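One-letter residues, chain by chain:
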Amino acid sequence: MTSRMTPLLEHNEQFARAYTPVPLGLPAAQVIVITCLDHRIDPAITLGLRPGDAPVLRNAGGRVTQPVIEEIAYLAFLGGRLAGGQIAGGSRVEVAIIHHTQCGTGFLADPGFRREASAATGVDEAALAASAVGDPHATVAADVDRLLSSPLLPPGMGVSGHVYDIETGRVTTVVDARYR
Ligand SMILES: [Zn+2]
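Everything quoted here is computed from the prediction, not taken from an experiment.

**What to know about the overall build of the chain**
Turning to step 1, where the next piece is worked out: Helix and strand counts for the chain come out as 6 helices and 5 strands.
Turning to step 2, where the next piece is worked out: The secondary structure elements of the chain, listed N-terminal to C-terminal, are α-β-α-β-α-β-α-α-α-β-β.
Turning to step 3, where the next piece is worked out: Dimensions of the chain along its principal axes, counting C-alpha atoms only, are 50 × 50 × 35 Å.
Turning to step 4, where the next piece is worked out: The burial tally for the chain puts 24% of its 180 residues in the buried class.

This is the structure:
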């Protein structure tokens, strides 16, 4: 039986041969990444993340939606439990939001495109508009503010904003980490 997955599973076989498991624990990099699901910008590759380094949350645009905020809250709770309550005072985890140029959600800034997308998918037009990344520098700054202002963001957690440039492969910091 061959499927689209066949070459990927062959790759996995190579991966598993040299594999060392990482126990469940706090992320070694003390970073949580929020970014777009775009298949050109895998943070494991662009940022050199290895297993155990950092949780990565991905959606269209890498936007800070309510479900994303709830995931962050849960991760912080879980991290606190894994650390046996030690995490609250000392460890400062940074949430890094990374938007990117040439984002496929950019088309959603156009009302006509948005209307067609809504009609074809059944997704609410307002939800589509909220995921649009036209200018990643502007949207990432807005999402840093949105996450920092959420009451669900645990104390001691920082938020920073960055833009990944598809042309150069370079990540530029737009908003330095702010802690609350
Ligand atoms: Zn994107």
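**Describing the pairing of strand β3 (residues 94-100)**
Turning to step 1, where the next piece is worked out: Within β3, 6 of the 7 residues are buried, leaving the element largely enclosed by the surrounding structure.
Turning to step 2, where the next piece is worked out: The sheet contact formed by strand β1 (residues 31-36) and β3 spans 5 bridges and is parallel. Residue pairing in the sheet places T35 in a bridge with I98 of β3.
Turning to step 3, where the next piece is worked out: Here 7 bridges tie β3 to strand β4 (residues 158-164), and the two strands are oriented parallel to one another. Paired with I97 across the two strands is G161, which belongs to β4.

**Some thoughts on the nonpolar core**
Turning to step 1, where the next piece is worked out: Among the nonpolar cores identified, the biggest contains 28 residues, and V95 and I97 are the most heavily contacted of them.
Turning to step 2, where the next piece is worked out: At the level of secondary structure, the elements contributing two or more residues to this core comprise β1, α3 (66-82), β3, α6 (136-148) and β4.
Turning to step 3, where the next piece is worked out: The contact partners of V95, leaving out residues within four places of it in the chain, are I32, I34, I72, L147, M157, G158 and V159.

**A look at the sheet that holds β4**
Turning to step 1, where the next piece is worked out: Within the open sheet, the 5 strands sit side by side as β2-β1-β3-β4-β5. Their pairing is mixed. The outermost strands of the open sheet, each flanked by one partner alone, are β2 (56-59) and β5 (171-179). The sheet shows a mean angle of 15° between the axes of neighbouring strands, taken without regard to direction.
Turning to step 2, where the next piece is worked out: As paired elements, β1 and β2 share 4 bridges and run parallel to each other. In the sheet register, V33 faces β2, and the bridge partner there is V56.
Turning to step 3, where the next piece is worked out: Running at roughly 165° to β4, α6 makes contact with β3, β4 and β5 of the sheet.

**Regarding helix α4 (residues 111-121)**
Turning to step 1, where the next piece is worked out: Among the 11 residues in α4, 0 count as buried, and that is only a small part of the element.
Turning to step 2, where the next piece is worked out: Phi turns positive one or two residues past the end of α4, at G122, with a value near 80°.

**A short note on unusual backbone geometry**
Turning to step 1, where the next piece is worked out: One non-glycine residue, Q30, adopts positive backbone phi at about 55°.
Turning to step 2, where the next piece is worked out: Along the chain, the position of Q30 falls in the loop between α1 (6-17) and β1.
Turning to step 3, where the next piece is worked out: Of note in the backbone geometry, Q102 takes a positive phi value of approximately 60° without being a glycine.
Turning to step 4, where the next piece is worked out: Position of Q102 among the secondary structure elements: in the loop between β3 and α4.
Turning to step 5, where the next piece is worked out: In this structure Q102 comes out as partly exposed when scored by C-beta crowding, with 14 C-beta atoms within 10 Å.

What counts, and where the lines are drawn
- Residues numbered from 1 in each chain as written.
- Predicted model: local features only at pLDDT ≥ 70, side-chain atom pairs only at ≥ 80, totals over all residues.
- Helix = DSSP H or I, 4+ residues; strand = E, 2+ residues; numbered from the N terminus.
- Buried ≥ 20, exposed ≤ 12 C-beta atoms within 10 Å, placed from the backbone.
- Pairing = 2+ DSSP bridges.
- Core = buried A, V, L, I, M, F, W, Y, C linked by C-beta atoms within 7 Å.
- Contact = placed C-beta atoms within 7 Å.
- Axes fitted to C-alpha atoms, helices over the stretch in contact; angles between N-to-C directions.

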